Amino acid sequence: MWRRVTSLSSLISSKRSSTLNQMGIEDLSAFPDVTGNSIGQNVVAREVGKDGRFFKGKTPFITFVLGGPGSGKGTQCEKIVENFGFTHLSAGDLLRREIISNTEYGAKILDTIKEGKIVPSEVTVKLIRKEMESSDNYKFLIDGFPRSEENRIAFERITEADPDIVLFFDCPEEVMVKRVLNRNQGRVDDNIDTIRKRLKIFESLNLPVVNYYSKRGKLYTINAVGTADEIFEQVRPVFAAHEDHVEFEWVQEAWMRF
Ligand SMILES: Nc1ncnc2c1ncn2[C@@H]1O[C@H](COP(=O)(O)OP(=O)(O)O)[C@@H](O)[C@H]1O
Ligand SMILES: O=c1ccn([C@@H]2O[C@H](COP(=O)(O)OP(=O)(O)O)[C@@H](O)[C@H]2O)c(=O)[nH]1
Ligand SMILES: [Mg+2]
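Residues numbered from 1 in each chain as written. Chains lettered and ligands numbered in written order. Predicted model: local features only at pLDDT ≥ 70, side-chain atom pairs only at ≥ 80, totals over all residues. Heavy atoms only, no water.

S.K.: Teacher, can you tell me more about the site of ligand 2 here?
M.R.: As a matter of local geometry, ligand 2 sits amid 19 residues, with K73, R96, K117, V119 and R198 nearest to it. Here an oxygen atom of ligand 2 sits 3.0 Å away from a polar atom, N or O, in the side chain of R187. The fraction of the free accessible surface of ligand 2 (530 Å²) that becomes covered by protein chains is 96%. Its residues assigned to classes, the shell around ligand 2 shows seven nonpolar, four polar and eight charged. (Near = heavy atom within 4 Å. Polar contact = N/O pair within 3.5 Å; in protein donor to acceptor, adjacent residues only side chain to side chain. Areas by Shrake-Rupley, 256 points an atom, 1.4 Å probe, with all protein chains shown as cover. Nonpolar A, V, L, I, M, F, W, Y, C, P; charged D, E, K, R; others polar.)

S.K.: What am I meant to see in the site of ligand 1 here?
M.R.: Taken together, 14 residues are adjacent to ligand 1, and G70, K73, T75, R183 and G226 come closest. Within the backbone of S71, one N or O atom sits 3.3 Å away from an oxygen atom of ligand 1. Contact with the protein chains hides 73% of the accessible area of ligand 1, taken as 560 Å² for the molecule alone. More than half of the atoms of ligand 1 fall within 2 Å of the grid points belonging to the largest pocket. Counting only elements with at least two residues in the shell around ligand 1, the list comes to α2 (73-84) and α9 (228-257). (1 Å grid on protein atoms, 1.4 Å probe; cavity = no way out; pocket = protein on both sides within 12 Å on 5 of 7 lines; lining within 4 Å. Sits in = over half its atoms within 2 Å of the grid points. Helix = DSSP H or I, 4+ residues; strand = E, 2+ residues; numbered from the N terminus.)

S.K.: How should I be thinking about the nonpolar core in this particular structure?
M.R.: Most often, soluble globular proteins keep nonpolar side chains buried together rather than apart. Counting residues in each nonpolar core, the largest one holds 30 residues, and the members touching the most others are F64, I128, I142, F145 and F155. Counting residues per element, the ones that place at least two in this core are β1 (61-67), α3 (91-100), α4 (106-114), α5 (121-134), β3 (139-143), α6 (149-159), β4 (165-170) and α8 (192-215). In this structure F145 touches F64, V65, L66, A91, T124, V125, I128, N151 and F155, once residues within four positions along its chain are discounted. I80, L141, L167 and V177 belong to the second largest nonpolar core, which has 23 residues in total. (Core = buried A, V, L, I, M, F, W, Y, C linked by side-chain atoms within 4.5 Å. Buried < 20%, exposed > 50% of the residue type's maximum accessible area, 1.4 Å probe, protein only. Contact = heavy atoms within 4.5 Å.)

S.K.: Explanation requested: the UniProt feature "binding site: CMP" (unreviewed entry) in the protein chain in the structure shown.
M.R.: On the UniProt side, "binding site: CMP" (unreviewed entry) is annotated at positions that read N151 here. When you line up the elements, N151 lands in helix α6. Note on N151: relative accessible area 2%, which makes it buried. Within the structure, the side chain of N151 is placed 2.8 Å from the side chain of S121, a separation counted as a polar contact. (UniProt positions renumbered as here; feature names shortened; annotations may be inferred.)

S.K.: I tried to follow the UniProt feature "binding site: ATP" (unreviewed entry) in the protein chain on my own but got confused; where do I start?
M.R.: Residues annotated by UniProt as "binding site: ATP" (unreviewed entry) correspond here to G70, S71, G72, K73, G74, T75, R183 and G226. Of the annotated positions named here, the largest pocket is lined by G70, S71, G72, K73, G74, T75, R183 and G226. Turning to its location among the elements, G70 is positioned in the loop between β1 and α2. Once residues within four sequence positions are removed from consideration, G70 is found in contact with M176, R179 and V180. Looking at the secondary structure, you find T75 in helix α2. Of the residues examined, T75 reaches a relative accessible area of 42% and is grouped as partly exposed.

S.K.: Sorry, what's going on with the pairing of β3 here?
M.R.: Consecutive side chains along a regular strand alternate between the two faces of the sheet. The element β3 is extensively covered by neighbouring structure, given that five of its five residues are classed as buried. Both faces of β3 are covered, namely the face carrying K139, L141 and D143 and the face carrying F140 and I142. As judged from the four bridges shared by strand β2 (residues 87-90) and β3, these two strands associate in the parallel manner. Bridge assignment links L89 to a residue of β3, and that residue is I142. (Pairing = 2+ DSSP bridges.)

S.K.: Would you explain the pattern of salt bridges in this entry?
M.R.: Side-chain pairing between opposite charges can occur once the charged atoms of the two side chains come close. According to the stated counting rule, one finds 14 salt bridges in the structure shown. E115 serves as the salt-bridge partner of K197, at 3.3 Å between the closest nitrogen and oxygen. Here the residue K197 occupies a position in helix α8, and E115 occupies one in the loop between α4 and α5, the gap between them amounting to 82 residues. (Salt bridge = Lys/Arg side-chain N within 4 Å of Asp/Glu carboxyl O.)

S.K.: So what exactly am I meant to see when it comes to the environment of V188 here?
M.R.: Its location among the elements puts V188 in the loop between α7 (173-181) and α8. With 72 residues separating them in the primary sequence, V188 and G116 have C-alpha atoms 9.7 Å apart. Those residues within four positions of V188 in sequence are excluded, and the remaining contacts are L110, I113, K114 and T194.

What follows is the structure, given as structure tokens:
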């Protein structure tokens, strides 16, 4: 069932919060209960199939897009959307939208992002899930998430879904730093101090997620150095190889429902 997580209490013990804090994950107790009437309010509980992958009666095709800050995740996602019809969900953009819309915990998200830390998983996963549920598409790029094993496990628990494939944009630190400093989007975290912190957190928390999917045979590592077009030529075959399979699965399901 979708409505499996009804309370944050198990995650808000002080012991757990302090461990998460040391790991670069913001103290959960600093955030209000997001399972209350804020993010969760419009989420309708839905049955999922036995394999946990059914979504509004469809099987979603989920791609996690991983890589350090400035590795080019967002840029490549735009190209994947144009060429393969995916819906792009940037976890960072969803969080920034919460800041702008001045929700009760927007200020906490802003502080966390400024520090280059990771927002509590419950917050991010529910934002992502809400977008997926309200979309008519079934092919999703989830960009910049999961950023930690804790994020990954929360996604599996809350959505009962797994990614079909995981892209990893492998980029040297000096290239990432240069790109972020030139990004020019007015982001509070695009400064050298925050970038250093983000790179450390990326190495300690995000690389274990990359390794996890590598061991499970889901990882596609892309060399993220070169022009955006050159990099996309490595990305294209990954999706081309899955395209027929994805379309077939979906048509088959639609036919069975009919
Ligand atoms: N291959 C590339 N070569 C040079 N600059 C790039 C390349 N890919 C992206 N950029 C630029 O680098 C910055 C970071 O890219 P972005 O896609 O936002 O990365 P991420 O989402 O991984 O942080 C942006 O200003 C973008 O225009
Ligand atoms: O799942 C996520 C995604 C992003 N963030 C926060 O949002 C910031 C910006 O993320 P984004 O993916 O936009 O940055 P990018 O890697 O694209 O530069 C991160 O440093 C984190 O503080 C987070 O806490 N959880
Ligand atoms: Mg990005």
